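This is what each chain is made of:
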Amino acid sequence: MKVKKRIAKKRREIKVKFKAKGLTARGGLLLIEELINQFKVRELLDGNVYVKKRERGFDESDHILSLAYNMIAGGSRLEDVNTLREDEETKEIIQQKAIPHPTTAGDFLRSFSPGHIAQLEKALCTIQNRVHSKEKAEQVTLDIDSSIFEQYSDQKQGSCMAYTGKIGYHPQLGFRADTGEWVYGKLQRGSAYTARKAKRLLEKCLERLPKSVKRVKTRSDSGWYQHPYLEACEQCTTHEVIYSITAPQTKRLMETVKAIKEWIPMSDDEDETRFVGECYYVGRRWKKARRYIVKRDGQPRDEHGQLLLPFEESRYHVMVTNSTEEDIVSLMEFHKGRGNMENYIKELMYGFDLEQFPTGSFHANWVYLLIGQLAYNLVVWLKQYGLPKQYLQSRVKQIRYRFLNLAGSVVHTARGVWLNLKKGYLYQKEFLQTLARLRSLEFA
């Protein structure tokens, strides 16, 4: 057999010079700047947040948006702000004359008191209400949860041992299931209980929903299974709140569950090994019975009817709800959808690197989380109001790779400033359509 002889390819040595002018690697941040302009983000921040003691220097919005742009562009540390700070073209695109040094940014975060944090929360609420001003939805689904953001040091204020055995913070989080918007977030000590001040969290979340919304369906895990929270949902006067909460399988509750006689097959279960039933149960110190929906998973058997796995025949998943209208199969299917909450949390940790906090101050790190909320939502609103519909479920890394971190050059002419992108850019049509949609938005 004749062996084909391969000819070695010649390799050229590429030489490097630092002489090009007017170049940027973040040309796509123009889309974010357009969004910020349309929603009056800069004006609303400066009109609500008053941290600085002197008028000179950077405005509050300069600090906040510099950190937000850093997160959106892929920066994971305060030091990464330097890549924006030294990029004159990017500063021109985002129309910010100067960007604070990382040390200055850290000092700004540490200057926040609890009162200043309340001002920033109010500003974010006002921005969200402006964005929602044209929405007409009457019902939304709200996923509420908490997560451990592990830290590598217990020297940070509030970073301590959590129930998982990890050292870190334990923020509470609320997301809209229809848009993926991060509705509300609050930083907590690592040792804080999951549903601490849950009633207040619910109220804060409801404030940030569109004014047209009258009915809210909430989903939570067993950490939110507590009587004060259930009552807060049932007694809410501003909205009709329908809750769906995973219930811990206590001995008393499971006695009632196992007494259920009628079971209905799950609609998507061809093998009929999963069934749904319901019961009513009165918890300790409760004044009334509440409705429980139960999913029973039967273990697989062989052709002779013998169990393939040597443990209990059935496993259960129990949740409590105050819904009286929907059938039990639909309610269980709805509750299963809360599993998407883990994807939102992963996006915060790995898409925006919010798991690691930059300072040793608890309040400064809380502010950093809130700025992360603004950065996250700007990308969500970009997908919702600008990008083509096929990107609604896309992660920020894909958006960043295709539309934000674009090589280009900024050119000044007598007719204005131009951003020149590569002629063969693959997503040129989508980029121009997105820019046109953002510039045509009209908000009061």
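The preceding data block contains the structure.
Residues numbered from 1 in each chain as written. Predicted model: local features only at pLDDT ≥ 70, side-chain atom pairs only at ≥ 80, totals over all residues. Heavy atoms only, no water.

Draft legend 1. Main features of the pairing of strand β9 (residues 240-246). Within β9, six of the seven residues are buried, which leaves it mostly tucked inside the rest of the structure. Alignment of strand β8 (residues 215-220) against β9, held across six bridges, turns out to be parallel. Looking across to β9, one finds that V216 is bridged to V241. With respect to chirality, the unit in which β8 leads through helix α9 (residues 227-234) into the neighbouring parallel β9 is right-handed. (Buried < 20%, exposed > 50% of the residue type's maximum accessible area, 1.4 Å probe, protein only. Helix = DSSP H or I, 4+ residues; strand = E, 2+ residues; numbered from the N terminus. Pairing = 2+ DSSP bridges. Right-handed = clockwise from strand over helix to strand, strands pointing away.)

Draft legend 2. Representation of the sheet that holds strand β3 (residues 149-150). Strand order across the open sheet formed by three strands is β3-β5-β4, with antiparallel pairing between neighbours. Strands with a single pairing partner mark the edges of an open sheet, and in this sheet they are β3 and β4 (160-161). Note that β4 and strand β5 (residues 167-169) share two bridges and pair antiparallel. The partner of M161 across the bridge, within β5, is I167.

Draft legend 3. The arrangement of the packing of helix α7 (residues 114-131) against helix α13 (residues 362-385) in detail. Between α7 and α13, the shortest axis-to-axis distance is 10 Å and the interhelical angle comes to 5°. Classified by the interaxial angle, the pair formed by α7 and α13 is roughly parallel. Here P114, I117, L120, E121, L124, I127, Q128 and V131 of α7 come into contact with α13, specifically with H363, W366, V367, L370, Q373, L374, N377, W381 and Y385. By residue class, the composition of the contact of α7 with α13 is 12 nonpolar, four polar and one charged. (Axes fitted to C-alpha atoms, helices over the stretch in contact; angles between N-to-C directions. Parallel < 35°, antiparallel > 145°, perpendicular 65-115°, else oblique. Contact = heavy atoms within 4.5 Å. Nonpolar A, V, L, I, M, F, W, Y, C, P; charged D, E, K, R; others polar.)

Draft legend 4. Highlighting the sheet that holds strand β15 (residues 416-421). Strand order in this open sheet of three strands is β1-β14-β15, and the pairing throughout is antiparallel. Each edge of the open sheet carries a strand with a single partner, namely β1 (23-24) and β15. When strand β14 (residues 408-413) meets β15, the two strands line up antiparallel, connected through six bridges. Within the sheet, the bridge partner assigned to G408 lies in β15 and is L421.

Draft legend 5. Spotlight on the pattern of salt bridges. Tallied over the full model, the rule gives 20 salt bridges. Here E207 makes a salt bridge to R208, at a shortest N to O gap of 3.6 Å. In this structure, the salt-bridge partner of E333 is K336, at a minimum N-O distance of 3.5 Å. On the criterion of helical spacing, the pair formed by E333 and K336 is a turn pair, its members being three residues apart in helix α11 (residues 328-336). On the accessibility criterion, E333 (27% relative accessible area) is partly exposed. The exposure class assigned to K336 is partly exposed, which follows from its relative accessible area of 34%. In the salt-bridge network here, residues are joined through shared partners; they are E135, R176 and D178. (Salt bridge = Lys/Arg side-chain N within 4 Å of Asp/Glu carboxyl O.)

Draft legend 6. Spotlight on the side chain of K204. If you trace the backbone, K204 turns up in helix α8 (residues 198-207). Buried charge without a partner: K204 forms no salt bridge, and the closest opposite charge is E121, 4.5 Å away. With near-sequence residues (within four places) excluded, K204 lies in contact with E121 and Y184. (Lys, Arg positive; Asp, Glu negative; His and termini not counted.)

Draft legend 7. Fine view of the packing of aromatic side chains. As enumerated under the stated definition, the model contains 20 aromatic pairs in all. Seen in terms of ring centroids, F39 and W381 are 5.7 Å apart; in terms of plane orientation they differ by 80°. Their pairing is edge-to-face. Taken as a pair, F39 in the loop between α1 (29-38) and α2 (41-48) and W381 in helix α13 lie far apart in primary sequence, 342 residues in all. Accessibility assignment for this pair places F39 and W381 in one class, buried. With a centroid separation of 6.2 Å and an interplanar angle of 50°, the aromatic rings of Y225 and W286 are classed as tilted. Here the residue Y225 occupies a position in the loop between β8 and α9, and W286 occupies one in the loop between β11 (274-281) and β12 (290-298), the gap between them amounting to 61 residues. Note on accessibility: Y225 and W286 belong to one class, buried. Taken together, the ring pairs connect F149, Y169, F357, F362 and W366 into an aromatic cluster. The residue whose ring lies beneath K217 is F334, and the NZ or CZ to ring-centre distance is 4.2 Å. Across from the ring centre of W263, 4.7 Å away, lies the NZ or CZ of R296, which sits over that ring. (Phe/Tyr/Trp six-rings, centres within 6.5 Å; stacked < 30°, edge-to-face > 60°. Lys NZ or Arg CZ within 6 Å of the ring centre and 35° of its normal.)

Draft legend 8. Representation of the packing of α2 against α7 within the structure. Axis separation between α2 and α7 bottoms out at 9 Å; the angle between their running directions is 145°. Like other packed secondary-structure pairs, α2 and α7 cross with a definite hand, here right-handed. Note on element contacts: α7 touches α2 through Q119, L120, K122, A123, T126, I127 and R130, opposite V41, L44, L45 and N48. When its residues are assigned to classes, the contact of α2 with α7 shows six nonpolar, three polar and two charged. (Left-handed = near helix turned anticlockwise from the far one by under 90°.)

Draft legend 9. Representation of the environment of V183. Relative to the helices and strands, V183 resides in strand β7 (residues 182-186). Filtering out sequence-adjacent residues up to four positions away, V183 remains in contact with Q128, L142, G174, F175, R176, C205, R208, L209 and Q373.

Draft legend 10. Here's a closer look at the environment of A232. Tracing the chain through its elements places A232 in helix α9. Through-space distance from the C-alpha of A232 to that of K199 is 5.8 Å; in sequence the pair is 33 residues apart. Other than its neighbours up to four places away in sequence, A232 contacts K199 and L202.

Draft legend 11. Molecular detail of the side chain of S159. By the secondary structure assignment, S159 is in the loop between β3 and β4. Every residue in contact with S159, bar those within four places of it in the chain, is listed here: Q151, S153, D154, I167, G168 and Y169.

Draft legend 12. Structural view of helix α14 (residues 396-404). The complete set of buried residues in α14 reads V396, I399, R400, F403 and L404. Down the axis, α14 shows its buried residues gathered within 110° of arc, on one side only. Summarising the geometry of α14, the exposed residues directed more than 90 degrees from the buried face are K397 and Y401. On the buried face of α14, the contacting elements are α1, α3 (60-73), α12 (341-351), α13 and α15 (428-439). (Arc of directions from axis to C-beta.)

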